[in-house]
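# Report on the structure
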Amino acid sequence: MNETPVIDKNEIQTQRAVMELVRSSFDGSAPKALVETYGCQQNVNDSQRLRGMLAEMGYAFTENREEADLILMNTCAVRDNAEQRVFGNLGALKRLKAVKPGMIIGVCGCMAQQEHIAERIRAKYRHVDLIFGTHALYRFPSLLAEALEHRSRVVDISGEGAIAEGLPVKYDEGVKAFVSIMYGCNNFCSYCVVPYVRGRERSRLAEDVLAEVRELARRGVREVMLLGQNVNSYGNDRGETDAFAELLRRVNEVEGIERIRFMSSHPKDLSESLLLAMSQCPKVCRQLHLPVQSGSDRVLRDMNRRYTAERYLSIVRRARELMPDISLTTDIIVGFPTEERADFEDTLKILREVRFDSIFSFIFSPREGTPAARLKSAATDEEKAAWFQEMLDLQNQISADINAKCVGEVQEILVEGESRHEADMLFGRNSANKIVNFRGDISLKDKLVKVRITKAQTWILYGELI
Ligand code: SAM
Ligand code: SF4
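Parameters at a glance
Residues numbered from 1 in each chain as written. Chains lettered and ligands numbered in written order. Predicted model: local features only at pLDDT ≥ 70, side-chain atom pairs only at ≥ 80, totals over all residues. Heavy atoms only, no water. Phe/Tyr/Trp six-rings, centres within 6.5 Å; stacked < 30°, edge-to-face > 60°. Helix = DSSP H or I, 4+ residues; strand = E, 2+ residues; numbered from the N terminus. Buried < 20%, exposed > 50% of the residue type's maximum accessible area, 1.4 Å probe, protein only. Lys NZ or Arg CZ within 6 Å of the ring centre and 35° of its normal. Salt bridge = Lys/Arg side-chain N within 4 Å of Asp/Glu carboxyl O. Axes fitted to C-alpha atoms, helices over the stretch in contact; angles between N-to-C directions. Left-handed = near helix turned anticlockwise from the far one by under 90°. Contact = heavy atoms within 4.5 Å. Nonpolar A, V, L, I, M, F, W, Y, C, P; charged D, E, K, R; others polar. Near = heavy atom within 4 Å. Polar contact = N/O pair within 3.5 Å; in protein donor to acceptor, adjacent residues only side chain to side chain. Areas by Shrake-Rupley, 256 points an atom, 1.4 Å probe, with all protein chains shown as cover. Core = buried A, V, L, I, M, F, W, Y, C linked by side-chain atoms within 4.5 Å.

Quick look at the packing of aromatic side chains now. Both the distance between ring centres and the angle between the ring planes are used here to describe each pair of aromatic rings. Under the counting rule described, the total for this entry stands at ten aromatic pairs. Ring plane angle 80° and centroid distance 5.3 Å describe the contact between Phe26 and Tyr59, whose orientation is recorded as edge-to-face. Here the residue Phe26 occupies a position in the loop between helix H1 (9-25) and strand E1 (32-37), and Tyr59 occupies one in the loop between helix H2 (41-56) and strand E2 (60-61), the gap between them amounting to 33 residues. Accessibility expressed as a relative area gives 7% for Tyr59, which makes it buried. Arranged with centres 5.6 Å apart and planes meeting at 20°, the rings of Phe87 and Tyr125 form a pair that is stacked. In this pair, Phe87 is assigned in helix H3 (residues 80-99) and Tyr125 in the loop between helix H4 (115-124) and strand E5 (130-132), connecting sequence segments 38 residues apart. Of the two residues examined, Phe87 and Tyr125, each falls in the buried class. Here the aromatic cluster, defined as three or more aromatic residues joined through ring pairs, consists of Tyr191, Phe336 and Phe364. Taking the ring centre of Phe362 as reference, the NZ or CZ of Arg79 above it sits at 3.7 Å.

Bringing the pattern of salt bridges into the picture now. Considering all chains together, one arrives at 37 salt bridges under this definition. One salt bridge connects Arg318 with Glu321, and the closest N-O pair in it is separated by 2.5 Å. Of this pair, Arg318 and Glu321 both sit in helix H11 (residues 309-322), three residues apart, roughly one helical turn. Notably, a salt bridge pairs Lys445 with Asp446, separated by 3.5 Å at the nearest N-O pair. Overlapping salt bridges, with partners in common, bring together Arg49, Glu165, Arg204 and Glu212 in one network.

Attention now moves to the packing of H1 against helix H5 (residues 140-150). Relative orientation of the contacting elements H1 and H5 amounts to 35°, with a least axis distance of 9 Å. In this structure, H1 meets H5 at a crossing whose hand is left-handed. Residues Gln15, Val18, Met19 and Val22 of H1 form the contact with H5, whose own contacting residues are Pro141, Ser142, Ala145 and Leu148. Residue classes in the contact of H1 with H5 are distributed as six nonpolar, two polar and no charged.

So, about the site of ligand 1. Surveying the vicinity of ligand 1 reveals 15 residues, the closest of which are Gln229, Pro291, Gln293, Asp331 and Ser365. Between ligand 1 and Asp331 there is a distance of 2.6 Å, counted from an oxygen atom to a side-chain nitrogen or oxygen. Contact with the protein chains removes 91% of the 570 Å² of surface that ligand 1 exposes when unbound. Looking at the shell around ligand 1 residue by residue, the class counts come to seven nonpolar, four polar and four charged.

Ranked by internal contacts, the top residues of the largest apolar core, which has 62 residues, are Val224, Leu226, Phe244 and Phe262. Leave out the neighbours within four places in its chain, and Leu226 touches Val179, Ile181, Val231, Phe244, Leu248, Val251, Ile260, Arg261, Phe262 and Met263.

In structure tokens, the structure reads:
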């Protein structure tokens, strides 16, 4: 069984040919591009693909908008504040375009994939030349070529979403890299726009993922983060079962890679075989990001999450049985429309029971087209803000307590470079992905070292090199 849509190799060849044409059309110095990324790791990874294609087309890169000949905003639609930031920044670019009419301004990614947003940009932001959604990402060279040639607006929010292998990627510098193993989502949590803007689940072939991981190792990458909206259902679209556990074991064999992380995992699909693979693969970090969203069974049902608080707790118990030192992190939404005070207290209860190392928390943001956007809110905005703060206060205490217990431990740290905040210190991350600052020579950058933890703060650890 193979229903996973894959872009034909000839189409990829066509895009490669267009990249050559664009490159040859620039005479003299290379034009400069700026790709701005909003949102999640998957978007960061998509931006690396966009930069890869731009590099092939002869573009150099800048971080300075004034200097850029092309500005591309790779957007996020998960919450309203991310969208508002994009609209604010787009507005600010109007003045720049007025003084530099030859520049190209593009909006792509999850916001652009939505019809109502594309329409709003079309109508109100006339200085935008290029609008394309997540499904058209692989067609970026053709779309840009058209915008450059005709100097008229190009819009492409069509398509269903398919796997496109064989396009260039410009990885960020450094010892860590993201690798998307699948795209899209089938879960339709009632608050979430992702399935609408990223389409149905499509898994890359294990061979393609492994080839990318091997290439990254060859370039000096030591840590990979395997990405998907729900990595636990990796391979299901190809009729495979438990394929993610198997993939993890195979990535664990790649020479040169020393650490493996992954996100996100949906609790309803987290299997015993995945926990076993994690516990048996020495390179897989002792860290699990397992979004719970709420501690209330009623709210979880309304969110269409398809697990109960007790089921979630049973996964946590089993994970800790197999890996007593595992660090757990989660996502929580406060103020889902049907959430009442008693439901919120169930969320506080689950925080106290699990004792997450850290949480990523969000106030519910209604997303057009999702079922939850049509529900009336039980709590007021003031109540939601107060609950949110109450939850943060509790979590800060738990995170500080967990970190305090690390003092005296010897931890393995992957060194990333000089600390941006502490003079004369290096920083790196431990297996739990927490930042650890310590004194050492910059020649340790990109290496795994042992550090004894000497001091703990809520979000940062300090130590000394052994
Ligand atoms: N697929 C991942 C999962 O299910 O864990 C997460 C994807 S989403 C980009 C990241 C987080 O954003 C979610 O876990 C959820 O907590 C939050 N989120 C999604 N939609 C939201 C909304 N409408 N309002 C507030 N937070 C939202
Ligand atoms: Fe959104 Fe739910 Fe899919 Fe995560 S699993 S991307 S929250 S629909």
